[in-house]
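Take a look at the letters that make up each chain.
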Amino acid sequence: MVDLAIIGGTGLTSLYNLKIIRREVVHTPYGEPSGALTIGELCGNEVVFLARHGYGHTIPPHMVNYRANLWALKHAGIKRIISICAVGGIRGDIDPGSLVIPDQIIDYTWSRHHTFFEKDLTHVTHIDFTHPYCEEMRSAIAEGAASAGIDIIQGGTYGATQGPRLESAAEINRMARDGCDMVGMTGMPEVALAKEIDLCYAACAVCANKAAGRSEGIIEISKIETTLKESMVRVRQLLEHTINSTSC
Ligand code: HPA
């Protein structure tokens, strides 16, 4: 049974090397996911793919139904998730094109549905969130990177902002003081929801730009798109090696 899912973010709405077997439309108690689950074969391994922002990239970060996406994946039998997400680099060594595997997160989002545990409760549920990401999956990605000969930055704190606008330079300075190494808009509540329902979840953050105020001038959106497009070649290779296939 297929137990690994890839959630694709900006720049990764499809996996060209995925041999599609079928698509599954899942309705959930939390509403509709971003799209049908795409079940396919990636280099001989069955995986499920879901485009976080929809297959036409039309759902902005604050409108993504994170609960429905994760519930749908759990319902389909998924146990492990690799999330691909775009970020801006705050720390000096996180440059456009860098791939970073975060190990911590700080949540600056608001008014998103950030828990499954809020209705028809018999008791109040809290989860431990000391280590937000699944170590097993983080190590698997590191091994995949080593086998593919792809440089990654292992560890870093992801600051999750509300979006859809980018940040001001002052907001980025504050985030740097807080200890954030990168900034993105989709990390939360996705990783917390995954933890609530026992999914082993890790992210590969793709640096699309230097965060606001960390380079000369303003952030050019067209450059972000180009950098992501170029970086996805390595992300696809990384995914192939991470899912541990020799037949690619
Ligand atoms: N800020 C927030 N999210 C992002 C950025 C950024 O600079 N770049 C890519 N996603």
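Residues numbered from 1 in each chain as written. Predicted model: local features only at pLDDT ≥ 70, side-chain atom pairs only at ≥ 80, totals over all residues. Heavy atoms only, no water.

## Some details on the nonpolar core
Part 1 of the reasoning: With 40 residues, the main nonpolar core has Ile6, Leu15, Leu42, Ile84 and Leu239 as its most contacted residues.
Part 2 of the reasoning: Those elements that provide at least two residues to this core are β1 (4–8), β4 (45–51), β5 (80–89), β6 (99–101), α2 (135–148), α3 (169–178), β11 (200–210) and α5 (221–242).
Part 3 of the reasoning: Here this core gets six residues from one element, more than from any other, and that element is α5.
Part 4 of the reasoning: In this view, Leu239 contacts Ile6, Leu12, Leu15, Ile82 and Ile84; residues no more than four positions away in its chain are not counted.
Part 5 of the reasoning: Grouped together as the second largest cluster of nonpolar side chains are 38 residues, Ala5, Ile7, Leu50 and Ala76 included. (Core = buried A, V, L, I, M, F, W, Y, C linked by side-chain atoms within 4.5 Å. Buried < 20%, exposed > 50% of the residue type's maximum accessible area, 1.4 Å probe, protein only. Helix = DSSP H or I, 4+ residues; strand = E, 2+ residues; numbered from the N terminus. Contact = heavy atoms within 4.5 Å.)

## Some words on the side chain of Thr109
Part 1 of the reasoning: Its location among the elements puts Thr109 in the loop between β7 (104–107) and α2.
Part 2 of the reasoning: Assessed through its relative accessible area of 16%, Thr109 is described here as buried.
Part 3 of the reasoning: In terms of polar contacts, Thr109 uses its side chain to reach the side chain of Asp107, at 2.6 Å.
Part 4 of the reasoning: Those residues in contact with Thr109 that sit more than four places away from it in its chain are Ala160, Thr161, Gln162 and Met188. (Polar contact = N/O pair within 3.5 Å; in protein donor to acceptor, adjacent residues only side chain to side chain.)

## Topic: the site of the ligand
Part 1 of the reasoning: Around the ligand lies a shell formed by Ala86, Val87, Gly88, Leu166, Glu167, Val183, Gly184, Met185 and Asn209.
Part 2 of the reasoning: Between Gly88 and the ligand, the recorded distance is 3.4 Å, taken from a backbone N or O atom to a nitrogen atom.
Part 3 of the reasoning: A distance of 2.6 Å separates a nitrogen atom of the ligand from a polar atom in the side chain of Asn209.
Part 4 of the reasoning: In isolation the ligand has 260 Å² of accessible area, and contact with the protein removes 94% of it.
Part 5 of the reasoning: At three residues, the largest contribution of residues to the shell around the ligand is made by β5.
Part 6 of the reasoning: Within the shell around the ligand, the residues separate by chemical class into five nonpolar, three polar and one charged. (Near = heavy atom within 4 Å. Areas by Shrake-Rupley, 256 points an atom, 1.4 Å probe, with all protein chains shown as cover. Nonpolar A, V, L, I, M, F, W, Y, C, P; charged D, E, K, R; others polar.)

## Quick word on α2
Part 1 of the reasoning: For α2, spanning 14 residues, the distance from its first C-alpha to its last is 20 Å, which sits close to the expected 20 Å at 1.5 Å a residue.
Part 2 of the reasoning: Every buried residue belonging to α2 is among Met137, Arg138, Ile141, Gly144 and Ala145, and all of these are buried. The arc that holds every buried residue of α2, seen down its axis, measures 120°, which confines them to one face. Seen from the open side of α2, the exposed residues pointing more than 90 degrees away from its buried face are Glu136, Glu143, Ala146 and Ser147.
Part 3 of the reasoning: Looking at the packing, one finds that the buried side of α2 touches β1, β5, β6, β8 (153–154), β11 and α5.
Part 4 of the reasoning: Gly149 sits one or two positions beyond α2 and adopts a positive phi of about 70°. (Expected span 1.5 Å × (residues − 1). Arc of directions from axis to C-beta.)

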